[in-house]
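Coordinates in review
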Amino acid sequence: MAFSLHPSLDNGITKGSPGFSGGKLRCHCSSSPVEVTLAGNVAHNHACGCSKCWKPKGALFSIVAVIPKDQLKVTANESKLQIVDKTAAIQRYACKDCGVHLYGRIENEHPFKGLDFVHVELSSDKGWQEPQFAAFVSSIIEQGFNPERIDEVRSKFKSIGLETYDSLSPPLMDAIATWTGKRAGKL
Ligand SMILES: N[C@@H](CCC(=O)N[C@@H](CS)C(=O)NCC(=O)O)C(=O)O
Ligand SMILES: [Zn+2]
Ligand SMILES: [Zn+2]
């Protein structure tokens, strides 16, 4: 296998701890890192192959999860954060110096409004929920991955126990569709 899905997937998944109650995330700066404190465990942790989610160098996938926004506080060096793309649904806050994304926030009306997107690999604390599935797998082709090898990527995910999807998982897509159907008065 000449590709890396992500360092926290390549050698199998480490399960989270029940009752884990949060910790700190830090960017990659060796001095004055941006620090985010999470007051609880994350949910819906997953691999994302889309082009917008932050990935460590050399990885095909991002590992991204959500947490209620009232459980997230920037606790050091907030002045180093800038929004990557103000037009995106998710406003991703990145460190100006090292490029790492500390959190993503939804400001517009959206089924996931109120949840922030975070990367628990930025934490040295142990016990975070483990990845549950792989999303936006085909999106890695848009970023240059050889389409003839995409089955190797899907097989690698299967071998570590993760289902693969080309959008989000069915329960999350159902939650989005329920929100949209209600808003349209169809439900
Ligand atoms: N194929 C596209 C998919 C982008 C996409 O839809 N990403 C999802 C998963 S993170 C999303 O919800 N994006 C909203 C946003 O980025 O604001 C890409 O790779 O750029
Ligand atoms: Zn940084
Ligand atoms: Zn993504």
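For the structure, check the block above.
Our subject in this report is the structure included herewith. (Residues numbered from 1 in each chain as written. Chains lettered and ligands numbered in written order. Predicted model: local features only at pLDDT ≥ 70, side-chain atom pairs only at ≥ 80, totals over all residues. Heavy atoms only, no water.)

1. Quick notes on helix H3 (residues 170-183)
Under the 1.5 Å per step criterion, the end-to-end length of H3 is 20 Å for 14 residues, consistent within 8% with the ideal 20 Å. Looking one or two places after H3, you find Gly185, whose phi comes out positive at around 75°. (Helix = DSSP H or I, 4+ residues; strand = E, 2+ residues; numbered from the N terminus. Expected span 1.5 Å × (residues − 1).)

2. A closer look at the environment of Gly40
Positionally, Gly40 belongs in the loop between strand S2 (35-38) and strand S3 (43-48). Residue classification places Gly40 among the buried positions, given a relative accessible area of 8%. When the C-alpha atoms of Gly40 and Gln143 are compared, they prove to be 33 Å apart, with 103 residues separating the residues in sequence. Among all residues touching Gly40, those that are not within four sequence positions of it are Ser21, Gly22, Ile67, Gln71 and Trp128. (Buried < 20%, exposed > 50% of the residue type's maximum accessible area, 1.4 Å probe, protein only. Contact = heavy atoms within 4.5 Å.)

3. Let's talk about the packing of aromatic side chains
Counting across every chain of the model gives 5 aromatic pairs. Relative to Trp128, the ring of Phe20 has its centre 4.7 Å away and its plane inclined at 70°; by these criteria the two rings are edge-to-face. With Phe20 in the segment before strand S1 (23-26) and Trp128 in the loop between strand S9 (115-118) and strand S10 (133-135), this pair connects stretches of sequence that are 108 residues apart. Taken as a pair, Phe20 and Trp128 share a single burial class, namely buried. Ring centres of Phe61 and Phe157 lie 4.9 Å apart, and the angle between their planes is 90°; on these two criteria the pair is classed as edge-to-face. Residue Phe61 is located in the loop between S3 and strand S4 (62-68), and its partner Phe157 is located in helix H2 (residues 150-159); the two are separated by 96 residues in the primary sequence. Judged by relative accessible area, which is 0%, Phe157 ranks as buried. (Phe/Tyr/Trp six-rings, centres within 6.5 Å; stacked < 30°, edge-to-face > 60°.)

4. As for the coordination of the zinc ion (ligand 2)
In this structure, Cys27 (SG), Cys29 (SG), Cys95 (SG) and Cys98 (SG) serve as the protein donors to the zinc ion (ligand 2), at separations of 2.3 to 2.4 Å. One can describe the donor arrangement at the zinc ion (ligand 2) as tetrahedral, given that its 4 donor atoms subtend angles of 105 to 116° at the metal. Written as a sequence motif, the donor residues of the zinc ion (ligand 2) are C-x1-C-x65-C-x2-C. In this pair, Cys27 sits in the loop between S1 and S2 while Cys95 sits in strand S7 (residues 90-95), placing the two residues 68 residues apart along the sequence. Overall, the relative accessible area of 7% leaves Cys27 in the buried class. (Donors = N, O, S within 2.8 Å, 3.2 Å for Na, K, Ca; no water. Tetrahedral: all angles 85-135°; square planar, octahedral: opposite > 155°, others 65-115°.)

5. Notes on the pattern of salt bridges
Taken as a whole, this structure holds 8 salt bridges when the rule is applied. Notably, a salt bridge pairs Glu35 with Arg26, separated by 3.0 Å at the nearest N-O pair. On the accessibility criterion, Arg26 (34% relative accessible area) is partly exposed. A salt bridge links Arg105 to Asp116, with the shortest nitrogen-to-oxygen separation between them at 2.6 Å. Here Asp116 lies in strand S9 and Arg105 lies in strand S8 (residues 101-106), a separation of 11 residues in the sequence. You can call Arg105 buried: its relative accessible area is 16%. Overlapping salt bridges, with partners in common, bring together Lys24, Arg26 and Glu35 in one network. (Salt bridge = Lys/Arg side-chain N within 4 Å of Asp/Glu carboxyl O.)

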